[in-house]
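# Fold and geometry: a report
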Amino acid sequence: MLRAVLRSAVRRSLQEVRHVRPDPPGRARGVVADLYERVERDFGVLAPPVAMLSPAPECAAATWTALRESLLVPGRTSRADREAVATAVSRGNACPYCVEVHGSTLGSLGGGADAGAAAPYPGALVSAGPTERAELGAVALTFEHINRLVNVFLPDSPLPAFAPKPLREPLRRATGAVIATRPGPPPAPDTSLELLPDAARRAPVPEDLLWASGDPRVLRVLTGVAAAVDAAGARTLTHAVRALLRNHLRGHGTAPDGVSRAWVEEPIGALAPHERPLGRLVLLTARASFQVGDDTVAECRRAGADDADLVRAVSWAAMTAARQTVAATFSPRTETNQGNQT
């Protein structure tokens with residue numbers, strides 16, 4: 001009963017997605033309907049960070065593949081260890097939505113409400129064995145990606161704004177329990193890979209993901225996900241915009257540059273005028289996703305971007321920053337030698 005109530009509430013929360021309109025669960029068709037069914041079955045609820053990307057189904061599928069295969073499929077590390085990394089990464093990226101969801105899930109697994117704050121990330125990744133490093137690094141990369149998406153498209157809390165204050169904590173705990181205690185056998189590995197394009201599944205391993213070589217399955221998943229998101233970005237963003245972001249991140253890193261957005265104007269000045277709105281969006285997404293505002297999106301709309309373009313641009317920028325951030329955790333040299341430069 002509780003699971004059904006929460007599923008319904010989470011479905012309704014898709015009305016709070018900002019900037020784009022995801023496919024409503026009751027009216028989704030084809031690949032999106034199939035994706036929604038898979039997410040609810042394996043995650044417990046229709047995760048808004050996946051469903052909100054449905055205007056570009058290839059991005060939603062790639063994000064779900066990364067989330068499912070890194071967080072839910074059993075491996076050598078425990079689910080609690082993975083949720084602790086997810087929570088710690090989300091805290092570092094100032095993503096209160098993901099902190100609330102995965103901190104509550106971690107608490108349901110016995111980790112304690114504040115365990116993510118004390119999680120030894122990123123030190124634990126560097127000192128772990130090869131298999132554990134691949135598994136936990138995959139979780140870190142997934143949430144470096146998802147946190148940026150969520151900061152752009154979702155509110156600060158997964159709970160509806162109208163929920164009375166006395167009920168918010170019980171609802172938070174209940175949501176964490178539903179996500180943590182999936183009924184039935186554990187999810188089988190790799191089944192979500194069939195959602196990725198054939199070309200992505202056959203893509204060569206980029207150098208910046210070689211830190212995951214300790215687990216060939218994880219490396220294969222991340223390679224496919226990265227290739228799918230790269231292809232999605234290339235559908236919407238010009239070569240000049242993609243090159244600008246990569247070069248900027250190599251020189252400046254992925255951390256925010258203060259509270260002002262003024263820093264973004266100088267680099268996008270190198271772009272043609274019609275490229276600057278999406279150039280501004282990808283730079284902000286990569287380094288300061290919480291600074292993407294209505295005005296940023298409105299400029300992209302005026303330049304001709306639709307919902308699918310916005311999802312592809314934000315997904316690509318978030319993944320590009322996530323890959324650089326995690327690769328640099330294992331080897332600072334990879335920050336200046338990221339793969340897949342097309």
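Residues numbered from 1 in each chain as written. Predicted model: local features only at pLDDT ≥ 70, side-chain atom pairs only at ≥ 80, totals over all residues. Heavy atoms only, no water.

Broken down by element type, the chain carries 17 helices and zero strands. The C-alpha atoms of the chain give 19 Å as radius of gyration, which agrees with the globular expectation for 342 residues (20 Å, within 12%). Seen along its three principal axes, the alpha-carbon backbone of the chain occupies a region of about 55 × 45 × 40 Å. Per-residue burial over the chain gives 56% buried out of 342 residues. Long-range contacts, defined here as pairs at least 24 residues apart, represent 75% of the contacts in the chain between residues at least 6 apart. As displayed, the chain offers around 13800 Å² of accessible surface, 56% of which is attributable to carbon and sulfur atoms. With 39 positive and 35 negative side-chain charges, the chain shows a spacing of 3 Å between the two charge centroids. (Helix = DSSP H or I, 4+ residues; strand = E, 2+ residues; numbered from the N terminus. Rg over C-alpha atoms; globule rule 2.2 N^0.38 Å. Buried < 20%, exposed > 50% of the residue type's maximum accessible area, 1.4 Å probe, protein only. Contact = heavy atoms within 4.5 Å. Areas by Shrake-Rupley, 256 points an atom, 1.4 Å probe, with all protein chains shown as cover. Lys, Arg positive; Asp, Glu negative; His and termini not counted. Charge placed at Lys NZ, Arg CZ, Asp CG, Glu CD.)

Turning to the packing of aromatic side chains, a few remarks are in order. We describe a pair of aromatic rings using the distance from one ring centre to the other and the angle between the two ring planes. Evaluated as defined, the whole model comprises one aromatic pair. A ring pair is formed by Trp-211 and Phe-330, whose centres lie 5.0 Å apart and whose planes are at 20°; its orientation type is stacked. Here Phe-330 lies in helix H17 (residues 307–330) and Trp-211 lies in the loop between helix H11 (198–201) and helix H12 (216–236), a separation of 119 residues in the sequence. In this structure, Arg-287 packs its charged tip against the face of Trp-263, placed 4.8 Å from the ring centre. (Phe/Tyr/Trp six-rings, centres within 6.5 Å; stacked < 30°, edge-to-face > 60°. Lys NZ or Arg CZ within 6 Å of the ring centre and 35° of its normal.)

Mapped onto the elements of the fold, Thr-63 is located in helix H4 (residues 57–72). With relative accessibility at 1%, the residue Thr-63 sits in the buried group. A polar side-chain atom of Thr-63 sits 3.3 Å from a polar atom in the side chain of His-145. (Polar contact = N/O pair within 3.5 Å; in protein donor to acceptor, adjacent residues only side chain to side chain.)

Right, let's talk about helix H2 (residues 30–43) for a bit. Relative to the 20 Å expected for 14 residues at 1.5 Å per residue, H2 spans 20 Å between its end C-alpha atoms, a close match to the ideal helical length. All buried positions along H2 are accounted for by Val-32, Leu-35, Tyr-36, Arg-38, Val-39, Glu-40, Asp-42 and Phe-43. Two residues or fewer past H2, Gly-44 is found with a positive phi of approximately 100°. (Expected span 1.5 Å × (residues − 1).)

Moving on: the pattern of salt bridges. In the structure shown here, the tally under the stated rule is 27 salt bridges. In this structure, Asp-230 engages Arg-246 in a salt bridge whose closest nitrogen and oxygen atoms are separated by 4.0 Å. Taken together, the positions of Asp-230 in helix H12 and Arg-246 in helix H13 (residues 239–252) put the pair 16 residues apart, joining distant regions of the chain. Assessed through its relative accessible area of 10%, Asp-230 is described here as buried. A salt bridge links Glu-299 to Arg-302; its shortest N-O distance comes to 2.6 Å. Of this pair, Glu-299 and Arg-302 both sit in helix H16 (residues 294–302), three residues apart, roughly one helical turn. Via salt bridges that share partners, Arg-41, Asp-42, Arg-68, Glu-69, Arg-182, Asp-190, Arg-217 and Arg-220 belong to a single interconnected network. (Salt bridge = Lys/Arg side-chain N within 4 Å of Asp/Glu carboxyl O.)

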